[in-house]
Protein chains: 2
Amino acid sequence: MTSAMEHSPGRACSVSRVPRFDLEADVIVVGFGAAGACAAIEAAATGARVLLFEVAAGSGGTSALSGGEIYLGGSGGTPIQRAAGFSDATHDFLTYLVMAGGPNADAAKARLYAEESLAHFHWLRSQGVQYKNSYIAEKIVEPVTDDCLIWSGSEAAWPFAQEAKPCPRGHCPQFVGMGGGKYLMEVLAQRVSDLNVDVRFNSRALALIADDSGRVCGLVVRIDGESRYARAHNGVVLCTGGFIMNREMVRRHAPLMLRSRQPIGTVDDGSGIRMGMSVGGAAINMSEGFVTIPWYPPGSLVKGIFINECGQRFVNEDCYHGRVSQYILRQPGGDRVWLLVDQASYAPPDFQQLARIEIGAAAETWEEVERELQLPQGSLINTVELYNRYARQGEDPLFHKAREWLQPLEKPPFVALDCRVDHCFYSSFTLGGLDTLPTGEVLNEDRGVIPGLYAAGRTACGLPRWGPGYSSGMSLADATFFGRQAGLRAARAIANGASRNRPPEFE
Amino acid sequence: MTSAMEHSPGRACSVSRVPRFDLEADVIVVGFGAAGACAAIEAAATGARVLLFEVAAGSGGTSALSGGEIYLGGSGGTPIQRAAGFSDATHDFLTYLVMAGGPNADAAKARLYAEESLAHFHWLRSQGVQYKNSYIAEKIVEPVTDDCLIWSGSEAAWPFAQEAKPCPRGHCPQFVGMGGGKYLMEVLAQRVSDLNVDVRFNSRALALIADDSGRVCGLVVRIDGESRYARAHNGVVLCTGGFIMNREMVRRHAPLMLRSRQPIGTVDDGSGIRMGMSVGGAAINMSEGFVTIPWYPPGSLVKGIFINECGQRFVNEDCYHGRVSQYILRQPGGDRVWLLVDQASYAPPDFQQLARIEIGAAAETWEEVERELQLPQGSLINTVELYNRYARQGEDPLFHKAREWLQPLEKPPFVALDCRVDHCFYSSFTLGGLDTLPTGEVLNEDRGVIPGLYAAGRTACGLPRWGPGYSSGMSLADATFFGRQAGLRAARAIANGASRNRPPEFE
């Protein structure tokens, strides 16, 4: 008899060593965040018997910590985009998604999502998620009202706006306050319950079970301190989130992320990724993550300029806060970074308390600010002087900030807002994960499918996979949509009568 | 009967599916570069029966393309360091190695190598590798003479010099010309032959064989178009190099490296890494690589300054060419980069023809150079003016270039050397690979040992694992030294009589 201590996610268990099967189902889903909920809903809706294991005592996962925002568009726009006057062409949406995916974008997933996003919006509504037909034009992070549509990425900023017609695509559920993710998960959890999914809480997935052909055919789970063996006739869907809470994994794979003091996660111990790797699954983009400091709103701050400890600018400040933050993280010295503003552009940041953005220097001249910050003589001055000279002409030849945000910083007093990475609130989660097909099937390093294994949400490397391309709502868009695909594909193995996908002993 | 087409490195073969074993040995080594040769030598020297498979028709691998340089030091210095007047303390050597390993340095490997490097030098000599007792003080890339000791990293540059006493550590074998790696491999191959290692050329490793406990117990190899099954009683040592020639893998894991037009590799298709992953091995630092343009010598060019397309400096130019190149690769815009020099510092780069470094602009004033390069007005000027002003005082407050290289760029004519990444010769190889213990044992993502599996050289993530920290000679140092450890550990399973490490059927 094998004890619980012998199993660990990094090491698969051979079916020949399973003492007995305690549980069985057609589809086993691991993790009850957005991806797992959507996988379970779709699989169960086809008639498959679904077992859902969740290590916590309740549903929600890290998705419930979010704003519940989902990145949607294309096909001429959602009803809410259209009501706000935006017609979002699929082509523009796709172009943006591919640019946002960075140098290793997944064109197949981007295409499928760009084409199916409108239908996904209707699916979300059909599950019971409510959206108000409203739009906020200002540059914000997330509405505190129950409004829906916001600009949640770098759509209007260089270089994205040069390639794809800008459109707001962040859709927030109708919920007052910052808890939209909790609301979203409550709606999805209700659906899971309505569909009679067999949900087991307080159940920790310990290891995948594989047969000698390499097919995944079950899961070892610890329940009440005992190892339980669960057989999956069709497949196992891993939806355990990313690995931001596993600081050893972060150190090993995404050391830059360690500098963020605020990991966004619940469990997120990388167990799903580790289980996938244990059967040969390829983990990709493991060094990538989302990092951000909410330095705006108000939008007037976007008229300021960021400088590093060499007094150099490094980014167009009108792009998404998470993109700006990626550039901040990569500056020489890596810590001392300021946002320079003048009287005309300064206003206290809305999230000043949370973000711990303090005034690093304030003076009547930029020379004094430079001295107060102890920057090399002329470094800040040269940067401000060059910026102002071009801004007066409505140009930013260095970083291409859009004209509407260009305003010379010339009205004293002058202020340097301190945005040090090691001091301020930079939140983060990981974007690397298992390489999957759009169907959720997990791939090995030869891009061959591992039979019986699926992954979605941050356990997979999905649409959002490159820090500088992240936009709010992308992770939930990916988790919900590709969670659905994985659930459907895993269940379809029955619907198709595809008996060759079943373990030999069932033929 | 299984056909050759059914096997691929990304998918392990279960021992239960092996039709027969055609070959057997105590230790199987895959790949006949420096790591594989050293693993085979050490394993065979203990009396183990060793089978070495090499896909090419001869020995050498990518190691034979190199200069044969090995990074050595510590313990007060090698005889050659000491003769040149350097006493290299183990502490300084270790500090440098850890800094060079970057945010995810392997302190255990660094410590072992810092302590054993002097003994490794003697071992290399005892194998027949000859070194001349000579030292070149100039800042060069690699000697064209048969001289030995050179400065081959960033030892004397900020921030390394602040933490570890600088010392030259690149040891080149006594060989006239650039072919030192070929000479090194000929010596090692002779030793492999003398020790009666069973070498099979033209043999492609297709897949690992594992039993149902997860232990690696053999290898499927394609020989003469047929799948052959080789049993390894003790273990398989993967030494197949990195993955720079597998452009799909590079795109997936290290997209920045794709911009280098000159991959340094022979096979280097990642097959060893893929085989390791197929049995749950964790691949780490996969986005890291070595990239360089040989922009010096002559050393006078180091007195110039690099600027990006914003006219900004970005690095202390006195560090190793490979470190400078990493910074070049990361500049905004990512392509247009120049080295600014004046009459006093200019000399044609030694490798001008090879590197395709051309003059991008030349003029009597920096204003004209700025215009010729079509840079924003004032951008280059501000940078040069600030640099010159501080250089006159022997300071570089922005990037900390050492005083000996600080000389104001004020003697016309002024020149901008064009170092565009997409145009010039940037060579590259990968630094990510399987996570291993200093013994060469391959780890899964929980850092548990995968029984029977070892890796060394660029198939493993070794001492050199971070592009900006690379120094010439580090990869061969790692491949030879940790290749030896892997061979010893794999063989020792016999010497120890550690029967629990043998497959059950042999007990």
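Residues numbered from 1 in each chain as written. Chains lettered and ligands numbered in written order. Predicted model: local features only at pLDDT ≥ 70, side-chain atom pairs only at ≥ 80, totals over all residues. Heavy atoms only, no water.

How would you summarise the overall build of chain A if you had to cite specific residues and measurements?
Of regular secondary structure, chain A possesses 13 helices and 21 strands. A globule of 507 residues ought to have a C-alpha radius of gyration of about 23 Å, and chain A, at 24 Å, matches this closely. Dimensions of chain A along its principal axes, counting C-alpha atoms only, are 80 × 45 × 40 Å. Residues classed as buried in chain A amount to 63% of the 507 residues present. For chain A, the exposed surface amounts to about 17000 Å²; the carbon and sulfur share of it is 49%. Looking at charge distribution, chain A has the averaged site of its 47 positive side-chain charges lying 4 Å from that of its 55 negative ones. (Helix = DSSP H or I, 4+ residues; strand = E, 2+ residues; numbered from the N terminus. Rg over C-alpha atoms; globule rule 2.2 N^0.38 Å. Buried < 20%, exposed > 50% of the residue type's maximum accessible area, 1.4 Å probe, protein only. Areas by Shrake-Rupley, 256 points an atom, 1.4 Å probe, with all protein chains shown as cover. Lys, Arg positive; Asp, Glu negative; His and termini not counted. Charge placed at Lys NZ, Arg CZ, Asp CG, Glu CD.)

Any details on the interface of chain A and chain B? Residues and values, ideally.
Facing the 49 residues of chain A at the interface are 49 residues of chain B. Contact between chain A and chain B buries roughly 3900 Å² in total, counting both sides, with carbon and sulfur atoms accounting for 47%. Sorting the residues of chain A by area buried against chain B places Arg 252, Glu 445 and Asp 446 of chain A first, and these three jointly supply 18% of that buried surface. Where chain A meets chain B, there are six salt bridges. Among the elements of the structure, helix 7 (247–253), helix 8 (271–278), strand 12 (283–284) and helix 12 (379–391) of chain A are those that each provide at least two residues to the side of chain A that touches chain B. Here the side of chain A that touches chain B takes six residues from helix 12 of chain A, the largest share from any one element. In the side of chain A that touches chain B, the residues fall into 18 nonpolar, 18 polar and 13 charged. (Contact = heavy atoms within 4.5 Å. Buried area = accessible area lost by both parts, 1.4 Å probe. Salt bridge = Lys/Arg side-chain N within 4 Å of Asp/Glu carboxyl O. Nonpolar A, V, L, I, M, F, W, Y, C, P; charged D, E, K, R; others polar.)

Talk me through the sheet that holds strand 16 (residues 358–363) of chain A; I want residue IDs and the actual numbers.
Residue and element names in this part refer to chain A. Reading across from one edge, 14-15-17-16 is the order of the four strands in this open sheet, with antiparallel pairing throughout. In the strand order of this sheet, the two ends are held by strand 14 (305–307) and strand 16, each with one partner. Across this sheet, the average inter-strand angle for adjacent strands is 25°, counted without regard to direction. The strands touched by helix 12 within the sheet are strand 14 and strand 15 (338–341), with strand 14 carrying the most contacts at an inclination of about 155°. (Pairing = 2+ DSSP bridges. Axes fitted to C-alpha atoms, helices over the stretch in contact; angles between N-to-C directions.)

Explain empty space enclosed by the protein to me, and be specific about the residues and the numbers.
Counted by the stated rule, this structure contains six cavities of 30 Å³ or more. The volume enclosed by the largest cavity comes to roughly 260 Å³. Gln 312, Asn 382 and Thr 383 of chain A together with Gln 312 and Thr 383 of chain B are, among the 20 residues lining the largest cavity, the residues nearest its centre. Of all the secondary structure elements, the ones that give two or more residues to the lining of the largest cavity are helix 12 of chain A together with helix 12 (379–392) of chain B. Examining the composition of the lining of the largest cavity, we find that five residues originate from one element, helix 12 of chain A, more than from any other. (1 Å grid on protein atoms, 1.4 Å probe; cavity = no way out; pocket = protein on both sides within 12 Å on 5 of 7 lines; lining within 4 Å. Points joined across faces, edges and corners; volume = space filled by probe spheres on them.)

Give me the relation of the copies chain A and chain B: which residues, what numbers.
Of the transformation superimposing chain A on chain B, the axial component is 0.0 Å and the angular component is 180°, with the fit at an RMSD of 0.0 Å. Overall, the copies show the geometry of a two-fold rotation axis. Residues of chain A ranked by C-alpha distance from the rotation axis are headed by Gly 280 of chain A, positioned 2.7 Å from it. An overlap of 100% is found between the interface residues of chain A and their copies at the interface of chain B, pointing to a shared contact surface. (Least-squares fit on C-alpha atoms with pLDDT ≥ 70 in both.)

Hey, could you go over the pattern of salt bridges for me, with residue numbers and the actual values?
All names here are of chain A. Scanning the entire structure with this criterion turns up 60 salt bridges over all chains. Here Asp 146 ties to Lys 132 by a salt bridge, and the two come within 2.9 Å at their closest N and O atoms. Pair noted here: Asp 146 is in the loop between helix 4 (107–127) and strand 5 (149–150) and Lys 132 is in the loop between helix 4 and strand 5, with a separation of 14 residues, a long-range link. Overall, Asp 146 belongs to the buried group, its relative accessible area being 18%.

Describe in detail the environment of Ile 284 of chain A, supporting the description with residues and values.
Mapping Ile 284 of chain A onto the fold places it in strand 12. With a relative accessible area of 1%, Ile 284 of chain A lands in the buried category. Separated by 180 residues in sequence, Ile 284 of chain A and Asn 104 of chain A place their C-alpha atoms 9.5 Å apart. For Ile 284 of chain A, the residues in contact, after removing those within four places along its chain, are Asn 104, Gly 432, Gly 433, Asp 435, Cys 461 and Arg 465 of chain A together with Arg 252 and His 253 of chain B.

Pulling in residues and values, what's your account of the pairing of strand 9 (residues 216–223) of chain A?
All names here are of chain A. Burial of strand 9 is extensive: seven of the eight residues sit out of reach of the surface. Looking at chain direction, strand 8 (residues 203–210) and strand 9 are connected through seven bridges and run antiparallel. Pairing of Ser 203 across the sheet is with Ile 223, part of strand 9. A loop of five residues connects strand 8 with strand 9, the two strands running antiparallel in sequence, and Gly 214 in this loop sits at a positive phi of about 95°. When strand 9 meets strand 10 (residues 226–238), the two strands line up antiparallel, connected through six bridges. Across the sheet, Leu 219 pairs through a bridge with Ala 230, a residue of strand 10. Hairpin connection of strand 9 to strand 10: two residues between the antiparallel strands, including Asp 224 at a positive phi of 50°.

Tell me about a negative patch on the surface, and please be specific about residues and values.
Residues and elements named next belong to chain A. Side chains of Glu 364, Glu 367, Glu 368 and Glu 372 sit close together on the surface and give a patch of like negative charge. Along the polypeptide, Glu 364 turns up in the loop between strand 16 and helix 11 (366–372). Since its relative accessible area comes to 49%, Glu 364 is described here as partly exposed. (Patch = residues over 30% accessible without salt bridge, like charges linked within 9 Å, V, L, I, M, F, W, Y side chains within 5 Å.)

So what about the sheet that holds strand 4 (residues 70–71) of chain B? Which residues, and what values?
Residue and element names in this part refer to chain B. Sheet architecture is open: three strands sit in the order 4-6-5, paired in antiparallel fashion. One side of each edge strand has no neighbouring strand; the edge strands of this open sheet are strand 4 and strand 5 (149–150). Relative to strand 6 (residues 170–171), strand 4 runs antiparallel, the two sharing two bridges. When the sheet's bridge partners are listed, Ile 70 is paired in strand 6 with His 171.

Go over the packing of aromatic side chains, please, and point to the residues and values.
Per the counting criterion, the structure on display carries 38 aromatic pairs over all chains. Plain terms: the ring middles of Trp 295 of chain A and Phe 306 of chain A are 4.8 Å apart, the flat faces sit at 90° to each other, and that makes the pair edge-to-face. A residue pair is termed long-range when its members are at least 10 positions apart, and Trp 295 of chain A in the loop between strand 13 (289–292) and strand 14 and Phe 306 of chain A in strand 14 qualify at 11 residues. Note on Phe 306 of chain A: relative accessible area 0%, which makes it buried. Arranged with centres 5.3 Å apart and planes meeting at 75°, the rings of Phe 86 of chain B and Tyr 135 of chain B form a pair that is edge-to-face. In this pair, Phe 86 of chain B is assigned in the loop between helix 2 (79–83) and helix 3 (90–100) and Tyr 135 of chain B in the loop between helix 4 (107–127) and strand 5, connecting sequence segments 49 residues apart. With relative accessibility at 30%, the residue Tyr 135 of chain B sits in the partly exposed group. (Phe/Tyr/Trp six-rings, centres within 6.5 Å; stacked < 30°, edge-to-face > 60°.)

I'd like a description of the packing of helix 3 (residues 90–100) of chain A against helix 4 of chain A, backed by residues and values.
A pair of packed helices can be characterised by two numbers: the angle between their axes and the separation between those axes. Residues and elements named next belong to chain A. Running from amino to carboxyl end, helix 3 crosses helix 4 at an angle of 145°, the nearest separation of the two axes being 9 Å. Like other packed secondary-structure pairs, helix 3 and helix 4 cross with a definite hand, here right-handed. From helix 3, Thr 90, Phe 93, Leu 94, Leu 97 and Val 98 reach across to helix 4, where they touch Ala 110, Arg 111, Tyr 113, Ala 114, Glu 115 and Ser 117. Partitioning the contact of helix 3 with helix 4 into residue classes produces seven nonpolar, two polar and two charged. (Left-handed = near helix turned anticlockwise from the far one by under 90°.)

Describe the pairing of strand 3 (residues 50–53) of chain B, listing the residues and the values that go with them.
It is a general feature of regular strands that their side chains alternate between the two faces of the sheet. Residues and elements named next belong to chain B. Along strand 3, one buried face is formed by Val 50 and Leu 52 and the opposite face, lined by Leu 51 and Phe 53, is buried too. Two elements, strand 2 (residues 23–30) and strand 3, share four bridges in a ladder whose sense is parallel. By the bridge assignment, Val 30 is partnered in strand 3 with Phe 53. Of the crossover connections in this fold, the one passing from strand 2 over helix 1 (residues 34–45) to the parallel strand 3 is right-handed. When strand 3 meets strand 7 (residues 198–200), the two strands line up parallel, connected through three bridges. Note that in strand 7 the partner of Phe 53 across the bridge is Arg 200. (Right-handed = clockwise from strand over helix to strand, strands pointing away.)

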